[in-house]
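Given next are the chains, with one letter for each unit.
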Amino acid sequence: MDTEALTAIDKRHLWHPFTPMRVWLDEQPLIIAAAEGNELIDTDGRRYLDGVSSLWCNVHGHRHPAIDAAIRAQLDRVAHSTLLGLASVPSIELAGKLAFVAPPGLTKVFYSDSGSTAVEIALKIAFQAHQLRGTKRTKFLVLDNAYHGDTIGSVSLGGIDLFHQIFQPLLFNTVRLQPTIEALEAAFSEHGADAAALVVEPLIQGAAGMLVQPVGFLARARSLCDTHGVLLICDEVATGFGRTGTLFACEQEGVTPDLMCVAKGISGGYLPLAATLATDALFDTFLGAPAERLTFFHGHTYTGNPLACAAALASLALFEDGSLMNRVRSNAAHLGNRLEKLGTLPRVREIRRRGLMVGIELHPAEGRRLGLEVCRAVRDKGVILRPLGDVIVLMPPLSFGPVELDRLVEVVHEAIDEVCP
Ligand code: PLP
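Everything numeric in this text was worked out from a predicted model, so none of it was measured. (Residues numbered from 1 in each chain as written. Predicted model: local features only at pLDDT ≥ 70, side-chain atom pairs only at ≥ 80, totals over all residues. Heavy atoms only, no water.)

Let's shift gears to the site of the ligand. All residues in the neighbourhood of the ligand are listed as Trp56, Ser114, Gly115, Ser116, Tyr147, His148, Gly149, Glu201, Asp235, Val237, Ala238 and Lys264. The separation between a nitrogen atom of the ligand and a polar side-chain atom of aspartate 235 is 2.6 Å. Contacts to the ligand include lysine 264, whose side-chain N or O atom sits 3.2 Å from an oxygen atom. Look at the ligand: alone it shows 390 Å² of surface, and the protein chains cover 84% of it. For the shell around the ligand, the per-class residue count stands at four nonpolar, five polar and three charged. (Near = heavy atom within 4 Å. Polar contact = N/O pair within 3.5 Å; in protein donor to acceptor, adjacent residues only side chain to side chain. Areas by Shrake-Rupley, 256 points an atom, 1.4 Å probe, with all protein chains shown as cover. Nonpolar A, V, L, I, M, F, W, Y, C, P; charged D, E, K, R; others polar.)

Quick look at the pairing of strand β12 (residues 274-279) now. Here β12 lies mainly inside the structure; six of its six residues are buried. Burial along β12 is two-sided: the residues Ala274, Thr276 and Ala278 and Ala275, Leu277 and Thr279 are all buried. Sheet topology note: the strand β4 (residues 106-112)/β12 ladder contains six bridges and is antiparallel. Across the sheet, lysine 108 pairs through a bridge with alanine 278, a residue of β12. By the bridge criterion, four bridges tie strand β11 (residues 259-262) to β12 in an arrangement that is antiparallel. (Buried < 20%, exposed > 50% of the residue type's maximum accessible area, 1.4 Å probe, protein only. Helix = DSSP H or I, 4+ residues; strand = E, 2+ residues; numbered from the N terminus. Pairing = 2+ DSSP bridges.)

Our focus in this paragraph is the packing of aromatic side chains. Counted according to the given criterion, the structure contains seven aromatic pairs. Ring plane angle 70° and centroid distance 5.2 Å describe the contact between phenylalanine 110 and phenylalanine 296, whose orientation is recorded as edge-to-face. Residue phenylalanine 110 is located in strand β4, and its partner phenylalanine 296 is located in the loop between α11 (280-285) and α12 (306-317); the two are separated by 186 residues in the primary sequence. For phenylalanine 110, a relative accessible area of 23% corresponds to the partly exposed category. Members of the aromatic cluster, connected to one another through ring pairs, are Phe18, Tyr147 and Phe163. (Phe/Tyr/Trp six-rings, centres within 6.5 Å; stacked < 30°, edge-to-face > 60°.)

Any functional reading would require information beyond the geometric quantities listed.
If you want it as C-alpha coordinates, here you go:
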(Lines give C-alpha, C1' and ligand atoms only; values in the text may rest on other atoms or scores of the structure.)
Protein backbone atom coordinates (compact mmCIF):
# COMPACT_ATOMS: atom_id res chain seq x y z
CA MET A 1 0.00 0.00 0.00
CA ASP A 2 1.40 3.45 -0.82
CA THR A 3 1.69 6.41 1.58
CA GLU A 4 -1.46 8.07 0.28
CA ALA A 5 -3.63 4.98 0.78
CA LEU A 6 -2.18 4.33 4.24
CA THR A 7 -2.79 7.95 5.23
CA ALA A 8 -6.42 7.72 4.18
CA ILE A 9 -7.03 4.58 6.28
CA ASP A 10 -5.12 6.01 9.25
CA LYS A 11 -7.27 9.14 9.25
CA ARG A 12 -10.44 7.15 8.84
CA HIS A 13 -9.81 4.44 11.43
CA LEU A 14 -6.89 5.04 13.78
CA TRP A 15 -7.28 6.83 17.11
CA HIS A 16 -3.73 7.71 18.21
CA PRO A 17 -2.68 7.73 21.88
CA PHE A 18 -2.00 11.06 23.66
CA THR A 19 -2.86 12.81 20.39
CA PRO A 20 -5.21 15.75 19.78
CA MET A 21 -6.96 14.06 16.87
CA ARG A 22 -8.41 17.30 15.46
CA VAL A 23 -4.87 18.47 14.76
CA TRP A 24 -3.76 15.03 13.54
CA LEU A 25 -6.54 14.84 10.97
CA ASP A 26 -5.38 18.12 9.41
CA GLU A 27 -1.78 17.03 9.04
CA GLN A 28 0.23 14.60 6.96
CA PRO A 29 1.23 11.65 9.21
CA LEU A 30 4.76 10.34 9.17
CA ILE A 31 4.35 6.59 8.63
CA ILE A 32 7.19 4.33 9.67
CA ALA A 33 7.70 1.32 7.44
CA ALA A 34 11.07 -0.03 8.54
CA ALA A 35 14.09 0.61 10.69
CA GLU A 36 17.77 -0.11 10.82
CA GLY A 37 20.07 0.41 13.80
CA ASN A 38 19.37 3.83 15.30
CA GLU A 39 17.24 5.00 12.37
CA LEU A 40 13.55 4.78 11.54
CA ILE A 41 12.61 4.71 7.86
CA ASP A 42 9.32 6.11 6.54
CA THR A 43 7.13 4.85 3.70
CA ASP A 44 8.96 7.13 1.26
CA GLY A 45 12.36 5.80 2.30
CA ARG A 46 13.42 8.83 4.36
CA ARG A 47 15.58 8.04 7.40
CA TYR A 48 15.30 9.59 10.88
CA LEU A 49 17.48 9.24 13.96
CA ASP A 50 15.32 7.73 16.72
CA GLY A 51 16.14 10.40 19.32
CA VAL A 52 13.60 9.22 21.91
CA SER A 53 14.08 5.45 21.50
CA SER A 54 10.56 4.97 20.07
CA LEU A 55 9.02 6.38 23.24
CA TRP A 56 11.84 5.51 25.62
CA CYS A 57 11.87 1.77 25.01
CA ASN A 58 14.39 0.87 22.32
CA VAL A 59 17.72 -0.06 23.90
CA HIS A 60 20.18 -1.57 21.39
CA GLY A 61 18.85 -0.07 18.16
CA HIS A 62 16.31 -1.54 15.77
CA ARG A 63 16.62 -4.95 14.14
CA HIS A 64 19.45 -5.98 16.39
CA PRO A 65 20.61 -9.34 14.98
CA ALA A 66 20.76 -11.10 18.36
CA ILE A 67 17.26 -10.02 19.42
CA ASP A 68 15.79 -10.69 15.98
CA ALA A 69 17.29 -14.19 16.03
CA ALA A 70 16.03 -14.91 19.57
CA ILE A 71 12.46 -14.01 18.60
CA ARG A 72 12.65 -16.06 15.41
CA ALA A 73 13.98 -19.06 17.32
CA GLN A 74 11.22 -18.74 19.91
CA LEU A 75 8.65 -18.48 17.13
CA ASP A 76 9.74 -21.93 16.00
CA ARG A 77 8.90 -23.28 19.47
CA VAL A 78 5.77 -21.49 20.72
CA ALA A 79 4.52 -17.90 20.41
CA HIS A 80 2.30 -17.88 23.47
CA SER A 81 1.17 -20.08 26.32
CA THR A 82 -0.36 -18.90 29.59
CA LEU A 83 1.29 -18.50 33.01
CA LEU A 84 -2.04 -19.13 34.75
CA GLY A 85 -1.59 -22.70 35.92
CA LEU A 86 1.32 -23.40 33.52
CA ALA A 87 4.93 -22.36 33.24
CA SER A 88 6.97 -21.60 30.11
CA VAL A 89 10.68 -21.89 29.34
CA PRO A 90 11.63 -18.27 28.46
CA SER A 91 9.53 -16.75 31.26
CA ILE A 92 11.31 -18.97 33.82
CA GLU A 93 14.75 -18.21 32.42
CA LEU A 94 14.03 -14.49 32.33
CA ALA A 95 12.71 -14.44 35.91
CA GLY A 96 15.99 -15.98 37.05
CA LYS A 97 18.04 -13.46 35.06
CA LEU A 98 16.01 -10.47 36.28
CA ALA A 99 16.40 -11.56 39.90
CA PHE A 100 20.14 -11.89 39.29
CA VAL A 101 20.62 -8.39 37.81
CA ALA A 102 18.09 -6.51 39.98
CA PRO A 103 19.08 -4.77 43.20
CA PRO A 104 19.81 -7.53 45.75
CA GLY A 105 16.74 -8.88 47.54
CA LEU A 106 14.29 -8.50 44.64
CA THR A 107 13.83 -12.21 44.04
CA LYS A 108 10.27 -12.60 42.76
CA VAL A 109 9.02 -11.59 39.33
CA PHE A 110 5.37 -10.92 38.44
CA TYR A 111 4.97 -10.32 34.72
CA SER A 112 2.55 -8.07 32.87
CA ASP A 113 2.49 -6.14 29.61
CA SER A 114 3.03 -2.41 30.14
CA GLY A 115 4.48 0.10 32.55
CA SER A 116 0.99 1.00 33.72
CA THR A 117 0.16 -2.59 34.62
CA ALA A 118 3.53 -3.06 36.35
CA VAL A 119 2.67 -0.10 38.59
CA GLU A 120 -0.95 -1.18 39.03
CA ILE A 121 0.31 -4.56 40.22
CA ALA A 122 2.83 -3.01 42.63
CA LEU A 123 0.19 -0.88 44.27
CA LYS A 124 -2.25 -3.79 44.52
CA ILE A 125 0.46 -6.04 46.04
CA ALA A 126 1.34 -3.27 48.53
CA PHE A 127 -2.30 -2.71 49.41
CA GLN A 128 -3.10 -6.41 49.80
CA ALA A 129 0.08 -7.06 51.82
CA HIS A 130 -1.00 -4.45 54.37
CA GLN A 131 -4.48 -5.99 54.48
CA LEU A 132 -3.07 -9.48 54.99
CA ARG A 133 -0.58 -8.37 57.61
CA GLY A 134 -3.32 -6.65 59.58
CA THR A 135 -1.75 -3.19 59.31
CA LYS A 136 -4.64 -2.22 56.99
CA ARG A 137 -2.86 0.84 55.63
CA THR A 138 -4.38 2.33 52.48
CA LYS A 139 -2.60 5.64 51.95
CA PHE A 140 -0.08 6.13 49.13
CA LEU A 141 2.62 8.82 49.15
CA VAL A 142 3.62 10.07 45.70
CA LEU A 143 5.74 12.80 44.16
CA ASP A 144 4.33 16.02 42.76
CA ASN A 145 3.83 15.86 38.98
CA ALA A 146 4.16 12.08 39.07
CA TYR A 147 3.39 9.97 36.03
CA HIS A 148 3.07 6.21 36.45
CA GLY A 149 0.80 5.24 33.56
CA ASP A 150 -2.76 5.41 32.35
CA THR A 151 -4.76 2.72 34.15
CA ILE A 152 -7.01 4.08 36.89
CA GLY A 153 -4.74 2.96 39.75
CA SER A 154 -1.62 4.40 38.17
CA VAL A 155 -3.53 7.56 37.20
CA SER A 156 -4.50 7.90 40.89
CA LEU A 157 -0.78 8.07 41.68
CA GLY A 158 -0.26 10.63 38.93
CA GLY A 159 -0.17 14.38 39.32
CA ILE A 160 -0.04 15.84 35.82
CA ASP A 161 -3.26 17.84 35.63
CA LEU A 162 -3.42 17.91 31.84
CA PHE A 163 -3.57 14.10 31.74
CA HIS A 164 -5.18 13.23 35.05
CA GLN A 165 -7.54 15.98 36.28
CA ILE A 166 -10.57 14.87 34.28
CA PHE A 167 -10.57 11.43 35.92
CA GLN A 168 -10.52 12.86 39.46
CA PRO A 169 -13.93 11.46 40.49
CA LEU A 170 -12.72 7.93 39.67
CA LEU A 171 -9.43 8.12 41.55
CA PHE A 172 -8.32 7.31 45.09
CA ASN A 173 -6.66 10.03 47.16
CA THR A 174 -2.91 10.20 47.63
CA VAL A 175 -0.51 12.40 49.59
CA ARG A 176 1.69 14.44 47.25
CA LEU A 177 5.11 15.72 48.12
CA GLN A 178 7.87 17.70 46.47
CA PRO A 179 10.99 15.73 45.58
CA THR A 180 13.12 17.32 48.31
CA ILE A 181 14.56 15.64 51.39
CA GLU A 182 12.82 18.20 53.67
CA ALA A 183 9.42 17.52 52.09
CA LEU A 184 10.04 13.78 52.33
CA GLU A 185 10.82 14.02 56.05
CA ALA A 186 7.81 16.26 56.67
CA ALA A 187 5.50 13.85 54.82
CA PHE A 188 6.75 10.90 56.88
CA SER A 189 6.33 12.83 60.16
CA GLU A 190 2.71 13.45 59.25
CA HIS A 191 1.73 10.28 57.37
CA GLY A 192 4.44 7.70 58.15
CA ALA A 193 2.26 5.88 60.66
CA ASP A 194 -0.56 5.15 58.26
CA ALA A 195 1.00 5.16 54.77
CA ALA A 196 0.98 1.88 52.84
CA ALA A 197 3.70 2.80 50.36
CA LEU A 198 5.80 5.57 48.87
CA VAL A 199 5.91 5.46 45.06
CA VAL A 200 8.81 7.15 43.28
CA GLU A 201 10.60 7.20 39.99
CA PRO A 202 14.19 6.91 41.22
CA LEU A 203 16.65 9.75 40.47
CA ILE A 204 14.66 11.44 37.70
CA GLN A 205 10.96 11.89 36.97
CA GLY A 206 10.64 11.38 33.23
CA ALA A 207 7.19 12.42 32.06
CA ALA A 208 7.07 15.15 34.70
CA GLY A 209 9.62 16.91 32.48
CA MET A 210 12.88 15.17 33.38
CA LEU A 211 12.91 16.49 36.95
CA VAL A 212 16.09 15.48 38.74
CA GLN A 213 16.00 14.57 42.44
CA PRO A 214 18.65 15.73 44.90
CA VAL A 215 21.45 13.26 45.63
CA GLY A 216 20.52 11.22 48.70
CA PHE A 217 16.77 11.56 48.17
CA LEU A 218 16.20 7.91 47.32
CA ALA A 219 18.42 6.57 50.11
CA ARG A 220 16.61 8.82 52.61
CA ALA A 221 13.28 7.56 51.25
CA ARG A 222 14.44 3.99 51.86
CA SER A 223 15.45 4.68 55.45
CA LEU A 224 12.23 6.57 56.26
CA CYS A 225 10.17 3.74 54.77
CA ASP A 226 12.06 1.23 56.95
CA THR A 227 11.55 3.30 60.09
CA HIS A 228 7.83 3.76 59.49
CA GLY A 229 6.87 0.36 58.06
CA VAL A 230 6.05 1.89 54.68
CA LEU A 231 6.74 -0.07 51.50
CA LEU A 232 8.97 1.58 48.89
CA ILE A 233 7.84 1.17 45.26
CA CYS A 234 10.36 2.25 42.63
CA ASP A 235 8.97 2.80 39.16
CA GLU A 236 11.93 2.05 36.87
CA VAL A 237 9.75 1.88 33.76
CA ALA A 238 11.61 4.83 32.20
CA THR A 239 14.92 4.68 34.10
CA GLY A 240 15.51 0.92 33.89
CA PHE A 241 17.86 -0.93 31.56
CA GLY A 242 20.74 1.48 31.49
CA ARG A 243 19.24 4.90 30.75
CA THR A 244 20.63 6.66 33.81
CA GLY A 245 24.13 5.17 33.54
CA THR A 246 23.52 2.06 35.66
CA LEU A 247 21.31 -0.89 34.79
CA PHE A 248 18.75 0.35 37.33
CA ALA A 249 18.66 3.87 38.76
CA CYS A 250 18.19 2.50 42.33
CA GLU A 251 21.74 1.13 42.20
CA GLN A 252 23.19 4.64 42.30
CA GLU A 253 21.94 5.12 45.87
CA GLY A 254 22.46 1.51 46.95
CA VAL A 255 18.71 1.08 47.39
CA THR A 256 16.60 -2.06 47.11
CA PRO A 257 12.92 -1.13 46.97
CA ASP A 258 10.24 -3.54 48.21
CA LEU A 259 8.70 -3.49 44.75
CA MET A 260 10.32 -2.44 41.48
CA CYS A 261 8.38 -1.87 38.26
CA VAL A 262 10.07 -2.38 34.91
CA ALA A 263 8.73 -2.27 31.35
CA LYS A 264 9.69 -0.29 28.21
CA GLY A 265 13.34 -1.34 27.77
CA ILE A 266 12.94 -4.80 29.30
CA SER A 267 12.43 -6.44 25.89
CA GLY A 268 14.99 -4.18 24.23
CA GLY A 269 12.00 -2.15 23.03
CA TYR A 270 10.73 -4.99 20.83
CA LEU A 271 7.57 -6.40 22.39
CA PRO A 272 5.14 -5.44 25.16
CA LEU A 273 6.48 -6.85 28.42
CA ALA A 274 6.65 -5.63 32.00
CA ALA A 275 7.56 -7.03 35.38
CA THR A 276 6.94 -6.11 38.99
CA LEU A 277 9.78 -7.43 41.14
CA ALA A 278 9.20 -8.12 44.83
CA THR A 279 11.13 -9.22 47.91
CA ASP A 280 10.79 -12.63 49.56
CA ALA A 281 9.23 -10.93 52.59
CA LEU A 282 6.39 -9.53 50.48
CA PHE A 283 5.94 -12.76 48.53
CA ASP A 284 5.76 -14.79 51.74
CA THR A 285 2.84 -12.67 52.94
CA PHE A 286 0.78 -14.24 50.15
CA LEU A 287 1.67 -17.88 51.00
CA GLY A 288 -1.00 -20.08 52.52
CA ALA A 289 -3.67 -22.63 51.79
CA PRO A 290 -6.29 -21.46 49.24
CA ALA A 291 -8.92 -21.29 51.97
CA GLU A 292 -6.83 -18.67 53.79
CA ARG A 293 -7.53 -16.30 50.87
CA LEU A 294 -4.01 -14.95 50.62
CA THR A 295 -3.72 -15.36 46.84
CA PHE A 296 -2.90 -12.36 44.67
CA PHE A 297 -5.76 -12.47 42.19
CA HIS A 298 -4.32 -10.53 39.29
CA GLY A 299 -3.15 -11.60 35.85
CA HIS A 300 -3.35 -10.71 32.18
CA THR A 301 -3.83 -13.01 29.23
CA TYR A 302 -0.41 -12.34 27.71
CA THR A 303 1.45 -12.26 31.05
CA GLY A 304 4.99 -13.59 30.51
CA ASN A 305 4.55 -13.98 26.75
CA PRO A 306 7.33 -16.30 25.51
CA LEU A 307 8.27 -14.21 22.46
CA ALA A 308 8.64 -11.09 24.60
CA CYS A 309 10.61 -13.01 27.26
CA ALA A 310 12.91 -14.40 24.56
CA ALA A 311 13.55 -10.85 23.33
CA ALA A 312 14.22 -9.73 26.91
CA LEU A 313 16.71 -12.57 27.49
CA ALA A 314 18.58 -11.61 24.32
CA SER A 315 18.56 -7.96 25.34
CA LEU A 316 19.87 -8.71 28.84
CA ALA A 317 22.62 -10.90 27.38
CA LEU A 318 23.94 -7.81 25.58
CA PHE A 319 24.57 -6.16 28.96
CA GLU A 320 26.34 -9.17 30.41
CA ASP A 321 30.05 -8.42 29.92
CA GLY A 322 29.71 -4.86 31.26
CA SER A 323 31.16 -3.17 28.17
CA LEU A 324 27.80 -1.71 27.09
CA MET A 325 27.28 0.13 30.38
CA ASN A 326 30.88 1.42 30.27
CA ARG A 327 30.15 2.82 26.83
CA VAL A 328 26.86 4.33 28.03
CA ARG A 329 28.63 6.15 30.85
CA SER A 330 31.28 7.63 28.59
CA ASN A 331 28.68 8.52 25.93
CA ALA A 332 26.51 10.16 28.59
CA ALA A 333 29.48 12.26 29.75
CA HIS A 334 30.11 13.22 26.12
CA LEU A 335 26.45 14.21 25.74
CA GLY A 336 26.67 16.27 28.92
CA ASN A 337 29.63 18.21 27.47
CA ARG A 338 27.87 18.78 24.16
CA LEU A 339 24.78 20.09 25.95
CA GLU A 340 26.72 22.73 27.87
CA LYS A 341 26.73 25.18 24.94
CA LEU A 342 23.02 24.64 24.36
CA GLY A 343 22.39 25.57 27.99
CA THR A 344 23.73 29.06 27.35
CA LEU A 345 21.14 29.87 24.64
CA PRO A 346 18.82 32.67 25.82
CA ARG A 347 15.72 30.61 24.94
CA VAL A 348 16.84 27.65 27.08
CA ARG A 349 15.69 27.91 30.68
CA GLU A 350 17.40 24.79 32.04
CA ILE A 351 18.90 21.49 30.95
CA ARG A 352 18.40 18.50 33.24
CA ARG A 353 20.07 15.15 32.70
CA ARG A 354 20.73 11.77 34.25
CA GLY A 355 22.79 9.52 31.99
CA LEU A 356 21.11 9.45 28.59
CA MET A 357 17.83 10.96 29.87
CA VAL A 358 17.72 14.66 29.04
CA GLY A 359 15.17 17.45 29.35
CA ILE A 360 15.88 20.78 27.64
CA GLU A 361 13.38 23.24 29.07
CA LEU A 362 12.62 26.30 26.96
CA HIS A 363 11.32 29.60 28.30
CA PRO A 364 7.62 29.56 27.47
CA ALA A 365 6.30 31.96 24.83
CA GLU A 366 2.72 33.23 25.07
CA GLY A 367 0.40 31.41 22.67
CA ARG A 368 3.14 29.17 21.29
CA ARG A 369 3.84 25.45 21.75
CA LEU A 370 7.57 25.76 21.41
CA GLY A 371 8.41 22.19 22.40
CA LEU A 372 6.20 20.88 19.64
CA GLU A 373 7.48 23.43 17.13
CA VAL A 374 11.10 22.48 17.82
CA CYS A 375 10.26 18.78 17.46
CA ARG A 376 8.56 19.50 14.11
CA ALA A 377 11.64 21.38 12.96
CA VAL A 378 14.02 18.57 13.92
CA ARG A 379 11.88 16.11 11.99
CA ASP A 380 12.54 18.07 8.81
CA LYS A 381 16.24 17.62 9.58
CA GLY A 382 15.90 13.85 9.96
CA VAL A 383 15.49 13.40 13.72
CA ILE A 384 12.47 12.13 15.66
CA LEU A 385 11.81 13.74 19.05
CA ARG A 386 8.70 14.17 21.18
CA PRO A 387 8.37 17.02 23.69
CA LEU A 388 6.76 17.25 27.11
CA GLY A 389 5.20 20.74 26.99
CA ASP A 390 8.08 23.23 26.80
CA VAL A 391 10.62 20.49 27.53
CA ILE A 392 12.43 18.89 24.61
CA VAL A 393 13.25 15.33 25.59
CA LEU A 394 16.34 13.54 24.36
CA MET A 395 16.40 9.85 25.21
CA PRO A 396 18.49 8.05 22.62
CA PRO A 397 18.93 4.28 22.61
CA LEU A 398 22.04 3.07 24.44
CA SER A 399 23.41 2.21 21.00
CA PHE A 400 23.90 5.89 20.03
CA GLY A 401 27.61 6.66 19.70
CA PRO A 402 29.33 10.06 19.98
CA VAL A 403 28.73 10.90 16.30
CA GLU A 404 24.97 10.38 16.57
CA LEU A 405 24.82 12.21 19.91
CA ASP A 406 26.64 15.17 18.32
CA ARG A 407 24.18 15.20 15.43
CA LEU A 408 21.25 15.07 17.84
CA VAL A 409 22.49 18.08 19.80
CA GLU A 410 23.42 20.04 16.64
CA VAL A 411 20.01 19.51 15.09
CA VAL A 412 18.22 20.57 18.29
CA HIS A 413 20.45 23.65 18.47
CA GLU A 414 19.60 24.63 14.88
CA ALA A 415 15.89 24.01 15.49
CA ILE A 416 15.84 26.15 18.63
CA ASP A 417 17.59 28.94 16.71
CA GLU A 418 15.03 28.70 13.91
CA VAL A 419 11.87 28.32 15.93
CA CYS A 420 12.30 30.30 19.12
CA PRO A 421 11.60 34.03 19.05
N1 PLP B 1 5.88 4.69 34.58
C2 PLP B 1 6.73 5.56 34.03
C3 PLP B 1 7.81 6.14 34.86
C4 PLP B 1 6.62 5.89 32.68
O5 PLP B 1 7.47 6.78 32.13
C6 PLP B 1 5.60 5.30 31.92
C7 PLP B 1 5.42 5.63 30.49
O8 PLP B 1 5.99 6.56 29.98
C9 PLP B 1 4.74 4.40 32.54
C10 PLP B 1 4.89 4.10 33.87
C11 PLP B 1 3.62 3.75 31.76
O12 PLP B 1 4.15 2.82 30.89
P13 PLP B 1 3.27 2.26 29.67
O14 PLP B 1 3.13 3.39 28.71
O15 PLP B 1 4.07 1.13 29.14
O16 PLP B 1 1.97 1.84 30.25
